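Examining the three-dimensional arrangement
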Amino acid sequence: MRKKRVGLQSNRIYLSERDIPKRWYNILHDMPKKPKPPLNPKTAEPISIDELAVIFAKGLIEQELSEKQWIDIPEEVLKVYLLWRPTPVVRARFLEEALETPARIYYKYEGVSPSGSHKPNTAVAQAYYNKIEGVEQLTTETGAGQWGSALAFACSYFGLKCKVFMVRASYEQKPYRKVLMQMWGADVVPSPSKETQVGRKILESTPDSPGSLGIAISEAIEVAISDDKTKYSLGSVLNHVLLHQTIIGLEAKKQLDKVEEYPTIVIGCVGGGSNFAGLAFPFLLDKFYEKRKSLRLIAVEPAACPTLTKGIYSYDYGDTSKLTPLLPMYTLGHDFIPPRIHAGGLRYHGMSPIISKLYADGFVEARAYTQNEIFDAAMKFFQTEGIVPAPESAHAIRAVIDEAIRARKEKKEEVILFNLSGHGFFDMSAYNDYILGVLEDVVLTDEDVNELTRKLSSYPKP
Ligand SMILES: *Cc1c(COP(=O)(O)O)cnc(C)c1O
């Protein structure tokens, strides 16, 4: 008789530092149909490298446009990654038991990074390429502070100055990530500010403006344009950002290999799309070439900002003030200011052009949940697995739980892998609202979306 395995089984699948991936995976090489290029809004022609070079480092622009399948990770970047990478893949056994599901659930935990999310994977790379080109300062925007703290951390390792325009409402209401950024030496400015024309103009007409991400992006870009030792840095959406995040999925693949597993479903939350892409793209490579045709990839977004599930596929601006190129993407319109839900990192009107194309071509599924749905899921995860998830990541967890319950009902064996993109230790006020029962469920309706996207009908079609 075969002996049943007894005793302790480990939950964590580690990867030794030696086995850390040495190259990023570029999905543009393998996409059957590629997204169209960003356009200069004045000419409607593809934007030139020189135009992009005003705000971004050349090394990053090269990656933005590259179709090379594998891109070497510089040794200096790998050295910093080794501070927290490889990150663990964890089998969520207690969650599985609580759900009585036959599904095996694994999560890749990116919350172990210094700033607590996946964002340093690209921040470190971006700081490095800027540093070797002689740039002295990076500017950026941040909402609740996840991206700003990741870039502040990365700049501190490469001796760059870092100026972060932080949406004023968050600056006042959520001071702790501001403190974290300042501890890494960043200059954190509440936006709108008096430091830029854009900011001064808004303050003149609205002295108590709470600010928005769109305004903060415009301020950060203005500072980068007006000083040639300063460049701008973006934490999601663009091709090079997604590229840097693929280290997540490349590691996860090796880790699941070690226990002879391969996912049937891969799940991630989407704001601009970078953590989902980072986990999913290395697996999608197999789906393209028919080896894993039935693999499902699910992107999860808030019902208050349903870019993929309700938005339209059009060229649109990345910011409110129309300073960015036109990008081919799913969008709710660049004037949309998403309701103040707690998943600040998912409050973006647009979506990565690569993910938009994959969704339009049917390679990726999408769904949307409300705040109470995702906090119910976050609590279940916390009470079984012991980690406080970021409200963003809780969107992925909601979808995981729903898929695991479906697997139980259909008596189907599934292997679910999801990205726990960050921890929620800075989001205790959100959990407090949940406990007090005062979380609002905001849903964007079709009428709202029609209204918001009406003027895009005259924009170029992707
Ligand atoms: C910023 C953020 C997100 C959303 O950004 P993507 O580019 O879509 O990944 C998700 N989770 C966490 C923890 C974040 O900080």
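Residues numbered from 1 in each chain as written. Predicted model: local features only at pLDDT ≥ 70, side-chain atom pairs only at ≥ 80, totals over all residues. Heavy atoms only, no water.

Going by an unreviewed UniProt entry, the protein chain carries the name Tryptophan synthase beta chain and comes from Kryptobacter tengchongensis. In its Pathway (unreviewed entry) section, UniProt records this for the protein chain: "Amino-acid biosynthesis; L-tryptophan biosynthesis; L-tryptophan from chorismate: step 5/5." Per its UniProt entry, the protein chain bears the Catalytic activity (unreviewed entry) comment "(1S,2R)-1-C-(indol-3-yl)glycerol 3-phosphate + L-serine = D-glyceraldehyde 3-phosphate + L-tryptophan + H2O". (UniProt positions renumbered as here; feature names shortened; annotations may be inferred.)

**Quick word on the state of the cysteines**
Following the criterion strictly, the structure yields zero disulfides and no others. Of the cysteine sulfurs around Cys-155, a residue in no disulfide, the closest is that of Cys-162, at 4.1 Å. Sulfur of Cys-269: no disulfide; nearest cysteine sulfur belongs to Cys-305 and is 12 Å away. With relative accessibility at 1%, the residue Cys-269 sits in the buried group. (Disulfide = S-S within 2.5 Å. Buried < 20%, exposed > 50% of the residue type's maximum accessible area, 1.4 Å probe, protein only.)

**Thoughts on the UniProt feature "domain: Tryptophan synthase beta chain-like PALP" (unreviewed entry) in the protein chain**
Sequence positions flagged by UniProt for "domain: Tryptophan synthase beta chain-like PALP" (unreviewed entry) are, in local numbering, residues 82–422. The annotated region residues 82–422 carries 44% helix and 19% strand content, and the separation between its end C-alpha atoms amounts to 18 Å. (Helix = DSSP H or I, 4+ residues; strand = E, 2+ residues; numbered from the N terminus.)

**Topic: the side chain of Ser-117**
Here Ser-117 shows up in the loop between strand E5 (104–109) and helix H5 (120–132). Residue class for Ser-117 comes out buried when judged on its relative accessible area of 3%. Side-chain polar atoms of Ser-117 contact the backbone nitrogen of Lys-119, separated by 3.1 Å. (Polar contact = N/O pair within 3.5 Å; in protein donor to acceptor, adjacent residues only side chain to side chain.)

**Some details on the site of the ligand**
What surrounds the ligand is a group of 18 residues, the closest being Lys-119, Ser-236, Gly-271, Ser-274 and Asn-275. Here a nitrogen atom of the ligand sits 2.7 Å away from a polar atom, N or O, in the side chain of Ser-421. The residue inventory of the shell around the ligand, partitioned by class, reads four nonpolar, 12 polar and two charged. (Near = heavy atom within 4 Å. Nonpolar A, V, L, I, M, F, W, Y, C, P; charged D, E, K, R; others polar.)

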